[in-house]
Amino acid sequence: MADLDLKTLGRRMDGAVEAFHRELAGLRTGRASASLLEPLMVDAYGSQMPMNQVGSIGVPEPRMLSVQVWDKGLVSAVEKAIRESNLGLNPMVEGQMVRVPVPDLTEERRRELARVASKYAEQARIAARNVRRDAMDQLKKMEKDSEISKDEHRDLGDEVQKLTDKAVGEIDKLLADKEREIMTV
């Protein structure tokens, strides 16, 4: 048929869904989760390093995170990264261990987090639609250059639309699950 690779398109759309999933993991829901701290960057050894490369992140209690910092000299950098992360967390240092209590969320903060999750979802939907638009533009060009027929264009267009619908459906499901988790007291 044509040189439009549906697997590559599917992978690109799955990439948009995965990126959305990672963004959602960073939203705090009132429960302690190691994924909350993983994306934070720490000033270490003259560069920015992810939190999980300077210490091990653990969840000793449902409302407590801990970071066992491997290098004693980085403890204050880890504490500073958590404090300045805009997650509303207040770390406490105990030797090479940084304890991070996860406070309950207020109703207002829950609504705000739900809005942020919706914004992330819309960005992911836009990314999936951009992949679809690129594919459709490629199909139009291929038809214009007589590489494919009108029927092939329509059939491939339908396949691209199915991939898009699947990706947007996954995004909507992830968003609904996250909103339910955020609003659960």
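Higher on the page you've got the structure.
Attention in this report is confined to the structure presented alongside it. (Residues numbered from 1 in each chain as written. Predicted model: local features only at pLDDT ≥ 70, side-chain atom pairs only at ≥ 80, totals over all residues. Heavy atoms only, no water.)

### Remarks on helix α4 (residues 150-183)
Across its 34 residues, α4 extends 49 Å between first and last C-alpha, which sits within 8% of the 50 Å expected from 1.5 Å per residue. Residues His153, Leu156, Gly157, Val160, Thr164, Ala167, Val168, Ile171, Leu175, Lys178 and Ile182 constitute the buried set of α4. Buried residues along α4 sit in contact with α1 (6-25) and α3 (107-144). (Helix = DSSP H or I, 4+ residues; strand = E, 2+ residues; numbered from the N terminus. Expected span 1.5 Å × (residues − 1). Buried < 20%, exposed > 50% of the residue type's maximum accessible area, 1.4 Å probe, protein only. Contact = heavy atoms within 4.5 Å.)

### Things to note about the packing of α3 against α4
Running from amino to carboxyl end, α3 crosses α4 at an angle of 170 degrees, the nearest separation of the two axes being 10 Å. Taken together, the axis directions place α3 and α4 in an arrangement best described as roughly antiparallel. The residue inventory of the contact of α3 with α4, partitioned by class, reads 17 nonpolar, five polar and 10 charged. (Axes fitted to C-alpha atoms, helices over the stretch in contact; angles between N-to-C directions. Parallel < 35°, antiparallel > 145°, perpendicular 65-115°, else oblique. Nonpolar A, V, L, I, M, F, W, Y, C, P; charged D, E, K, R; others polar.)

### Examining the sheet that holds strand β5 (residues 92-94)
Spatially, the four strands line up as an open sheet ordered β3-β4-β6-β5, and their pairing is antiparallel. Looking at the sheet topology across the chains shown, the edges are occupied by β3 (55-61) and β5. In this sheet, adjacent strand axes meet at a mean angle of 25 degrees when their direction is disregarded. With three bridges connecting them, β5 and strand β6 (residues 97-101) associate as antiparallel partners. In the sheet register, Glu94 faces β6, and the bridge partner there is Met97. (Pairing = 2+ DSSP bridges.)

### Some points on the pairing of β6
Two strands pair when backbone bridges link them, and strand β4 (residues 64-69) and β6 are joined in this way by five bridges, in the antiparallel orientation. Residue pairing in the sheet places Met64 in a bridge with Pro101 of β6. From the end of β5 to the start of β6, which pair antiparallel, there are two residues, and Gly95 there has a positive phi angle of about 70 degrees.

### What about the packing of α1 against α3?
Contact geometry of α1 with α3 gives a least axis separation of 9 Å together with a crossing angle of 170 degrees. Viewed along their axes, α1 and α3 adopt a mutual orientation that is roughly antiparallel. In this structure, α1 uses Leu9, Arg12, Met13, Ala16, Phe20, Glu23 and Leu24 to contact α3, whose residues at the interface are Ala117, Tyr120, Ala121, Gln123, Ala124, Ala127, Ala128, Val131, Arg132, Asp134 and Ala135. Class assignment for the residues of the contact of α1 with α3 results in 13 nonpolar, one polar and four charged.

### Some points on the pattern of salt bridges
Side chains that differ in sign of charge can pair as their charged atoms come close. A complete count under the given rule lists 15 salt bridges for this structure. Its salt-bridge partner being Arg129, residue Glu122 comes within 3.4 Å of it at the nearest N-O pair. A relative accessible area of 32% means that Glu122 is categorised as partly exposed. Judged by relative accessible area, Arg129 falls into the partly exposed class, the value being 32%. A salt bridge links Asp172 to Arg125, with the nearest nitrogen and oxygen atoms 2.8 Å apart. Of the two residues, Asp172 sits in helix α4 while Arg125 sits in helix α3, which places them 47 residues apart along the sequence. Residue class for Asp172 comes out partly exposed when judged on its relative accessible area of 34%. Residue Arg125 is classed as buried on the basis of its relative accessible area of 14%. Through salt bridges with shared partners, a single network forms among Glu122, Arg125, Arg129 and Asp172. (Salt bridge = Lys/Arg side-chain N within 4 Å of Asp/Glu carboxyl O.)

### Observations regarding the pairing of β4
Among the six residues of β4, five are classified as buried, and the element is accordingly described as predominantly covered. Pairing geometry for β3 and β4, over five bridges, is antiparallel. Residue pairing for β4: Ser56 is matched across the bridge by Gln68. Joining the antiparallel neighbours β3 and β4 is a turn of two residues.

### Remarks on the environment of Val69
By the element assignment, Val69 lies in strand β4. Judged by its relative accessible area of 0%, Val69 falls in the buried class. Note: C-alpha distance between Val69 and Val54 (15 residues apart in sequence) is 6.0 Å. Setting aside chain neighbours within four positions, we find Val69 in contact with Val54, Gly55, Leu74, Val75, Val78, Gln96 and Val98.

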